[in-house]
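# Structural overview
Now for the letters of each chain:
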Amino acid sequence: MKLDSKIPGGPIQEKWDARKFETKLVNPANKRKYKVLVVGSGLAGASAAASLAELGYQVECFCFQDSPRRAHSIAAQGGINAAKNYRNDGDSVWRLFYDTVKGGDFRAREANVYRLAQLSVNIIDQAVAQGVPFARDYGGLLDNRSFGGAQVSRTFYARGQTGQQLLLGAYAALSRQIGLGAVKMFPRTEMLDVVVVDGHAKGIVVRDLVTGEIRSHAGDAVVLATGGYGNVFYLSTNAKGCNVTATWRAYKRGAGFANPCYTQIHPTCIPVSGDHQSKLTLMSESLRNDGRVWVSKKQGDKRKPADIPDAERDYYLERKYPSFGNLAPRDIASRAAKQVCDEGRGIGDTGLGVYLDFRDSIQRLGKDAIAARYGNLFHMYAKITAEDPYSQPMRIFPAVHYTMGGLWVDYDLMSTIPGLFVLGEANFSDHGANRLGASALMQGLADGYFVIPYTIAGYLAGQKAGAVKPDHPQFGKVAGEVAAMTKRFLSINGKRTVDDFHKALGRIMWGKCGMARNEKGLGEALREIPALREEFWKDVKVLGGDLSLNQSLEKAGRVADFLEFGELLCRDALERRESCGGHFREEWQDDGEARRDDENFCHAAVWEYAGEGKAPVRNVEPLEFENVHLAVRSYK
């Protein structure tokens, strides 16, 4: 597999301008001839579809929800980063770039990260122009708050609904283009495969989730903006519909999959309460601005939190990381929580939890001020737990949240399949081994609004518009393969439900490849997952038929892909013999802190599909650090 990152030459501050100047253009009259298929309508997909249509391209946009407003982007609560320096506290594009590279444990490509920091300032202006109701200070200026991994206030927010409000802004732009006829929207439609013609992505095969009809759509380029794969763990903070199918099917058609082992554990999730749960609920990282994290200094302390005096409390993040305190990055805060729970100092019946306490901030600022900042989050917590966070601490514990791995892309966001572009969480490009809070929204909107409108032109300028039609033989071949898989699911008629298999996979993944990993556990997972997959194809029960609404069939396809992808994730984790960011190998640590191996693993691992039943091939893209020197990542 050839991995050409296509990073422009010259100083890092000038690379993006250089790329925009040297990229081939498509003149306005010719843009109308090209069709772009955008799969996904969250922040990355909606912003890309709206922007490309505004430029004049024909756009078809696909989402499996009934509306783009239901995309998982709405779940991002706390804010979006931008290097505006409105607080005059020392922020800059360079500092955001540095914090992001360091936050990713020096496992991201410098050029892409710097471009993201540059574009951050434009995103806020775009969103404000769309009417996104960001919080404002007393004087009416845009307000900021702090997030983990930074010592400046650069996070713009709309209470605890930032993702939802930004998505509504992108959806308004998309709706305008739909109304003008520039975008054709296909809701309730799931992409099941990519069609590659003469080595280029020229279309997709989809299933209408209402009628069951399998259709082919041809285009001149395909854009995937389908989110991450956190649901491979079954229990995660992701919406139940989030899946790996689009990127996994693209991988099996030749797209490289980079760093699948980079999974993020978020430290502020409502703890697991029982086997009945189908997902977990996130409490925004923004709460760590005013909430203090602690446990008792004593093992097995079952007293009520109000009965534990300050002298007997361990504010362990403040103790271990005095420079950042409760705003230590997510991977570090999560491991610290696991460590105190492993010591027997966790809270609740399970001992898997810590306190997030607002007592001191309420005394300092008043209840009304805290309610103004976090009221909807407090309300959500109270509804779920039947506990009042104003009068007693929240209970939190780490859970699977975001995934930094994804399809490999070059500087132009194109995968190893020419014509297949990948945006947002679906690609691997900007966060390295750990994502800092409030950077997911930043990347999704940067990719959609400000990167892909330029870079896709460089590809399309070399393509003949409309050269491939849906009647091309390759579309019929791929559609036939999709239909055959559907028939196979329905013909097994076993005894176990799809969810039963998904839960079993999740137990393996969390237990052997979760917050901490080791060679023994990963070896066991790599034996257990293939056995579970074999059992799935013998004994799964998929109800209903193929020519109707059938959510059992939908889930079967997604879980089948998770059962294959989970093995690749564990294989990647086994091969990366170091600890970095969210990938924590117990063999490589310094008293609980991750220990990298820059000599052997300062690279992106890019996996290449070798065929059914064959071991995938591990390729490497070396990472070069010319502007931020490799160093021990410390937040103490």
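Here goes a summary of the coordinates provided. Source: prediction; values computed, not measured.

## Description of helix α7 (residues 245-252)
Extensive coverage of α7 is indicated by the burial of 7 of its 8 residues. Among the residues of α7, those classed as buried are Thr 245, Ala 246, Thr 247, Trp 248, Arg 249, Ala 250 and Tyr 251. A positive phi of about 125° marks Gly 254, the residue just after α7.

## Comments concerning the side chain of Asp 539
One can find Asp 539 in helix α15 (residues 519-539). The buried charged residue Asp 539 lacks any salt bridge partner; its closest oppositely charged side chain belongs to Arg 496, at an N-O distance of 5.1 Å. In this structure the side chain of Asp 539 is engaged in a polar contact, spanning 2.9 Å, whose partner is the backbone nitrogen of Lys 495. In contact with Asp 539, not counting residues within four places along its chain, are Ile 492, Gly 494, Lys 495, Arg 496 and Phe 501.

## Regarding the nonpolar core
Soluble globular proteins tend to bury their nonpolar side chains together. If you look at the biggest cluster of nonpolar residues, it comprises 173 residues, and the most contacted ones within it are Tyr 57, Ile 80 and Ile 456. If you count residues domain by domain, this core takes at least three from each of domain 1 (266-398) and domain 2 (473-599).

## Section: the environment of Gly 90
Summarising the element assignment, Gly 90 is placed in the loop between β3 (80-81) and α4 (93-103). In this structure, the C-alpha to C-alpha distance between Gly 90 and Arg 488, residues 398 residues apart in sequence, is 59 Å. When residues no more than four places from it in sequence are discounted, the contact partners of Gly 90 are Asn 85, Arg 95 and Val 152.

## Overview of the sheet that holds strand β21 (residues 617-622)
Reading across the sheet, the 4 strands line up as β16-β10-β20-β21 and stay open at both edges, with antiparallel pairing between neighbours. Bordering the open sheet on either side are β16 (406-407) and β21, each of which pairs with just one other strand. Here 2 bridges tie strand β10 (residues 257-258) to strand β20 (residues 603-608), and the two strands are oriented antiparallel to one another. Residue pairing for β20: Phe 257 is matched across the bridge by Trp 607.

## Details of the side chain of Asn 112
On the secondary structure map, Asn 112 appears in helix α5 (residues 110-129). Within the structure, Asn 112 has its side chain in polar contact with the side chain of Arg 109 (distance 3.2 Å). Contacts of Asn 112, omitting those with residues within four sequence positions, involve Asp 410, Tyr 411, Leu 413, Ser 429 and Asp 430.

Thresholds, definitions, all that
- Residues numbered from 1 in each chain as written.
- Predicted model: local features only at pLDDT ≥ 70, side-chain atom pairs only at ≥ 80, totals over all residues.
- Heavy atoms only, no water.
- Buried < 20%, exposed > 50% of the residue type's maximum accessible area, 1.4 Å probe, protein only.
- Helix = DSSP H or I, 4+ residues; strand = E, 2+ residues; numbered from the N terminus.
- Lys, Arg positive; Asp, Glu negative; His and termini not counted.
- Salt bridge = Lys/Arg side-chain N within 4 Å of Asp/Glu carboxyl O.
- Polar contact = N/O pair within 3.5 Å; in protein donor to acceptor, adjacent residues only side chain to side chain.
- Contact = heavy atoms within 4.5 Å.
- Core = buried A, V, L, I, M, F, W, Y, C linked by side-chain atoms within 4.5 Å.
- Domains from an automatic or database assignment.
- Pairing = 2+ DSSP bridges.

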